[in-house]
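Structural overview
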Amino acid sequence: MILKILKRVVSYLLVLLGLSVFVFILVRVMPGDTARLALGPRAPEETVQALRREMHLDKSIPVQYYYWLKGILQGDLGTSVISKRPITEDIAFYLPATVELALLSAIFMATFGILLGVTATKYSEKWPDAIIRVLSYLGIVAPAFLWAVLAMLLFAYLIPILPVSGRISAGIAPPVTRTGLYIVDYLLQGNFAGAWDAFRHLVMPAIVLSFGGISQSARICRASMVSNMEKPYAAAERAYGIPENKILYKYLLKPSLNSFISVTALDIAMLFGGAYLVESIFNYPGLSRYGLTAMLNKDVFAVSAVMLVDGVIVIGFNLVTDIIISFLDPRIRYSSST
Amino acid sequence: MESCPNKIDISQVDVSRIPRRNAGENIRKLWYKFSLNRVSVVGLALILLIAAAAIFYRSIVPYPEHIGAMVDFKNACMPPSWQHLCGTDQAGRDILSRIIYAFRGALTMGVVAILAILPLGGVLGLVAGYWNGRFVSNLIMRVADVFLSLPTLILVMCVSSIMTPSTRNAMLAISISWWPWYTRLVYGIVTSTRNEVYIRSAEVLGANVWHILLKEILPNALGPILTKMTLDFGVAILAGATLSFVGMGEQPPAPSLGAMVSAGVGYLPDQWWMAVFPALAIMLIVLGFNLLGDGIGDMLSDAE
Amino acid sequence: MKRALAILLAALMLIGIAGCTDNPPTPAGTDKPAETQGKPKALTIPVDWPAYIDPGVGSKAADCISFVNLYDTLVFPNSDATISPMVAESWEANDDCTEYTFHLRDDVVFHSGNKLTAKDVAFSMNRMLSVGEGFAYMYAGLVQSVEAVDEKTVKFTLSSSSGLFPNLLIRLYILDEATVMANIAKDGAYGEFGDYGKNWLLTHDAGSGPYKVKEMITEEHLTMEKYSDYWMGWSDKPQAPDTVKLLGGVDTASMKTMMANGELDASDDAQTAETYAALDALEGVEISRAPIGVNFNIMLNTKLAPTDDVHVRKAIAFATDYDTIANDIYIGSAKATGPIQKGMAGSLSDEECPYKYDLAKAEEELKQSPYYNDLISGAMKLSLTYCSEGGAQQENLALLIQAGMASLGVSVEITGKPFATMMTDAQTVETTPNASFVAFAPSYLDGSGYLKNRYHSSSCGTWEQMEWLQDAEIDALIEQAMSTMDQDARNAIYKEISLKLMDICPTVWMADLASSSAYRADHFISPVAEMFAAGEAFIFAMGYSCYYRDYKILG
């Protein structure tokens, strides 16, 4: 079992190395003179040359890669052209915001996904199932940015009950940073009003972001539960007179969770990078918006850092999912001990 | 699976001589299964309708000149009326005409981007699956893993931010980012059928590797590929719309749905029609492909 | 397991309820934005982000707004394009205008409490030149040395004579040497000066201006607060805001909501006519329009076919619908009469500018071009780039130009690109498109502020000159003008250059832009709004329309 996990870890590390090469090449073919862009068109040539040397941009591509990778291993991702400060500082600010958003979306995704999935199973082929089916199509057919726009129209103009921009309201001091997650930080400080405010700012982008995922996880949850429902053990449980809800939530849900978890986990991992437009539209200071700005401004080191971070998150999620699934499924859990 | 009874025969009989069922009958049977699901038929009708509108746009659009280099600021931002059913945009152009024309770009975007990568992704998957465990297989699948470890949207955006914004480059960016999904899909199917008796038999008979790959293994993968493709047309259209939403797609004056939404967002809520109608158009086209994809999926899985 | 979950849920709900009931007693913790009644006088203004608040680094509009409020300069630009003494009480030049001596006030105190002396002025100039970013190009190659003669006297030695050196000094923001040197990072690119304080100054100020940095969040906002010991005092400005928050990254949709619910006090100036109309309809919101010296141009690449032919360039200039631009796209702007903003010394009158919307004339010009057949047949196309970050107006404008040329039978290929890409494209002749939209604002209000940056060969390869004019005669005239001491003689040369440029037609001078702003008239009054309401003629150097010391908060 442990050996199996170790093997996975090694293979994921290899993918990570490949990812670093890929990201580096991708970003290096971006046209534009990084040093010149950093200093502006009017900066004297000597200053630009000096910066080019400092960034190792005057060396060959493999050598540049070496320095870049070495920097990363030492925790140095370079300096951003836009913010003009170390990219690690930028990431330290933007990543927690995205994590907070993604976590809340993930909670929505899992809760509503399971609830809707189970309800659809319970009323399979009846009208609640049909409604859920339609809802789940809605989540899939429109990209998050469309929902963001519509949600904005709805909540900002027609029923203005939720804030539409930023992480906290104007005039509220941000919390003392402990985790970087505002809600948690406010709670740690005992500032419940602050936590509530931060939560209200998060709700709309989180719902919008999780909409597609909810649809998908509800569909998958329903599909695998319906197929388990036909298995003899479900019929047996029903024959014993076990209440329907108990059968659903206790005996059917768990074996149906495997495919649900593997799909939903990937969806959640994708949330970290997929929030581009949602973050932009809600003016939410997250990593994706930062990445998009970096791309438009040809901030190559920042782009590569964002892509790397996103890649690490996805790979990490895959690894964790593998482990969780192998723990959940006794066939896999016990396979190595036999 | 229809080939099951033939499995044993295959080692004795010339493959090409297996009596094949009448193709027409097959299609009729599939269509019957497909048509049982009303929703899927709606999806098919939707797609056919949109495709027809896109192809014959010249005779449908109320204001053909509003698609090209034309501005009429006197009539900018007019609300929906009988003259302009969906209103006019910031340059006074008829939004309905532009939506109909934009269907062309959206359909092309989805269909071309996915069709273009199918041969590449598919062949790589076949190769990796057939020689599973060998170096070449590992290489292909690890490279695919690298691509898949990045959220698709980020990859698409990063690739297209390198190039000059245009429809062609947006499609290219989508193709570059998308192929590993097909490689992985085909790989999975190939590895699971790789050790079936009929494949082994064909090998023993000394069949050409490509014959085995294309004639014996590939047909198994066609169903899932077709289903995924239909669904992916929709997803690729969304990706394309997202790209043009941030200005990395079709350039003005040619209309594109994402860019129209993006332009319209700044005019919310007063000129709501500028964002809402193109947004509905995106939903409609993607909904069509989703319903159709689900229908095809059900049809083929029922067939088994 | 289930029970634990239930308890946890209950606890969370309690926290939620507690959070709700906590709301009223905590004034800063409500979900309503901070209202102003009985509170500190505050302003929240959206700006283009990121803002670089280091005067050695920044030069964009948002940067300038911060400089103007955080720092003092030797001279101050007035709203009629002249300058007045500020930190410098007086100055004199030697006969050939190669040495300028400034006499400083002795009551200027930095936010640190240190006194501002001549050494600080010299330090600021040297820092600017060494760093070489931002406004440094205005002084690079001109200022040979700067010397603190005594505590109150500073002397600039120039490498060539300059008649307008004091005008240039509105961009020399004076930093406190002691504060900067106390905060340098040792291992920087500038030898003994380390990083010259660049890292520290990203989020701090070292100035003596009426406002000081209260909080700078690199990602999204700068909050400035009143510097109570400001040397000019506050007694005559009782209504000046106590704090000003410059907020970045506000998109159109949130701008509308935030203005409607009072989270924002003004809009930025990159909105469409419809947006301003929608904002104007809000209660208490008014629109003001201020000329800020921005010249909106189509830069035509004079070294790339087909715009290397003067007739093609003139055809574009005649096919441009100037009235539509002023009436429907950039509302409140005026048709430009040439490279220098109309009305400023050295600019041309309406009659002196031959270009008007006249398709017959455009056709006539086009027919004289050797490219005529290729252009009409579609074998040759014009490439036009606009800035995709420049708001919906730029796209509308591109469509207008495209439609104008289409009526001549010439096709124009439009591409919207981020500004960073436009800058990269501008680096070589081949990658510079036939036509590019650029809004240009001079760093200081004088004819040379337009001509030198736009048409002198030294600016080729930058976004400021995508014409690639490289005309020796124009270069010489610009240099001659800038070394001329007599103001009238100087302006006469500006006019001569402008007229010559009319013949070459390297640019379509579309509009002198007005900076529009929707603002909460029930909350504050700005000098711009006052002058606009009074119908006065005025012009502000970039950033100076946001000199918050002159703003008045109502109520």
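Residues numbered from 1 in each chain as written. Chains lettered and ligands numbered in written order. Predicted model: local features only at pLDDT ≥ 70, side-chain atom pairs only at ≥ 80, totals over all residues. Heavy atoms only, no water.

Things to note about the domain arrangement of chain C
Residues and elements named next belong to chain C. When its domains are assigned, chain C resolves into domain 1 (1-52 + 211-284 + 521-555), domain 2 (72-208) and domain 3 (291-514). Placing the centre of domain 2 and that of domain 3 at their C-alpha centroids yields a distance of 34 Å. Taken together, the contact between domain 2 and domain 3 spans 15 residues of the former and 13 residues of the latter. Between domain 2 and domain 3 lies a buried interface of about 1100 Å² when both sides are counted; carbon and sulfur atoms form 60% of it. Among the residues domain 2 hides against domain 3, the three largest losses belong to Ala81, Tyr137 and Leu164. Together they make up 40% of the total. Inspection of the region where domain 2 meets domain 3 yields zero salt bridges. For the interface between domain 2 and domain 3, the tally reads five residue pairs in polar contact (both at pLDDT 80 or more). (Domains from an automatic or database assignment. Contact = heavy atoms within 4.5 Å. Buried area = accessible area lost by both parts, 1.4 Å probe. Salt bridge = Lys/Arg side-chain N within 4 Å of Asp/Glu carboxyl O. Polar contact = N/O pair within 3.5 Å; in protein donor to acceptor, adjacent residues only side chain to side chain.)

Notes on the pairing of strand 6 (residues 143-150) of chain C
Residues and elements named next belong to chain C. Bridge analysis of strand 6 against strand 7 (residues 153-158) gives six bridges, and the strand direction is antiparallel. Within strand 7, the residue paired with Glu147 across the bridge is Lys155. Linking strand 6 back to strand 7 in an antiparallel pair, the connection comprises two residues. (Pairing = 2+ DSSP bridges. Helix = DSSP H or I, 4+ residues; strand = E, 2+ residues; numbered from the N terminus.)

Focus on the packing of helix 5 (residues 95-130) of chain B against helix 8 (residues 167-193) of chain B
Residues and elements named next belong to chain B. For the pair helix 5 and helix 8, interaxial distance at closest approach is 6 Å and the crossing angle is 35°. As for how helix 5 packs across helix 8, the hand of that crossing is right-handed. A breakdown of the residues in the contact of helix 5 with helix 8 according to their chemical character gives 21 nonpolar, nine polar and no charged. (Axes fitted to C-alpha atoms, helices over the stretch in contact; angles between N-to-C directions. Left-handed = near helix turned anticlockwise from the far one by under 90°. Nonpolar A, V, L, I, M, F, W, Y, C, P; charged D, E, K, R; others polar.)

Looking at the interface of chain A and chain B
Of the residues lining the interface, 39 residues belong to chain A; the matching set on chain B comes to 37 residues. Our enumeration of links across chain A and chain B arrives at one salt bridge. For the salt bridge of Asp294 of chain B with Arg219 of chain A, the shortest nitrogen-to-oxygen distance reads 2.4 Å. Remark: the boundary between chain A and chain B carries two residue pairs in polar contact (both at pLDDT 80 or more). Secondary structure elements with two or more residues in the side of chain A that touches chain B: helix 1 (2-28), helix 6 (127-141), helix 7 (144-158), helix 11 (244-274), helix 12 (276-281), helix 13 (287-296) and helix 14 (300-328) of chain A.

Quick word on the interface of chain C and chain A
Taken together, the 51 residues of chain C in the interface contact 43 residues of chain A. Carbon and sulfur atoms make up 59% of the surface buried where chain C meets chain A, a total of about 3600 Å² over both sides. For the pair chain C and chain A, the interface holds one salt bridge. Residues Glu133 of chain C and Lys84 of chain A are paired through a salt bridge, measuring 3.7 Å at the closest nitrogen-oxygen approach. On the surface where chain C and chain A come into contact, there are two residue pairs in polar contact (both at pLDDT 80 or more). For the side of chain C that touches chain A, the elements supplying multiple residues, two or more each, are helix 1 (2-22), helix 3 (118-131), strand 8 (211-217), strand 10 (243-248), helix 7 (252-260) and helix 14 (419-425) of chain C. Of the residues in the side of chain C that touches chain A, the class split is 21 nonpolar, 19 polar and 11 charged.

Observations regarding the pattern of salt bridges
For the coordinates displayed, the defined rule picks out 33 salt bridges over all chains. With a closest N to O distance of 2.9 Å, Asp145 of chain B and Arg184 of chain B form a salt bridge. Within this pair, whereas Asp145 of chain B is found in helix 6 (residues 135-148), its partner Arg184 of chain B is found in helix 8, the two being separated by 39 residues in sequence. Among the residues examined, Arg184 of chain B registers a relative accessible area of 39% and is labelled partly exposed. Measuring nitrogen to oxygen at the nearest pair gives 3.8 Å for the salt bridge that ties Lys115 of chain C to Glu151 of chain C. Of this pair, Lys115 of chain C sits in the loop between strand 5 (99-104) and helix 3 while Glu151 of chain C sits in the loop between strand 6 and strand 7, placing them 36 residues apart in sequence. (Buried < 20%, exposed > 50% of the residue type's maximum accessible area, 1.4 Å probe, protein only.)

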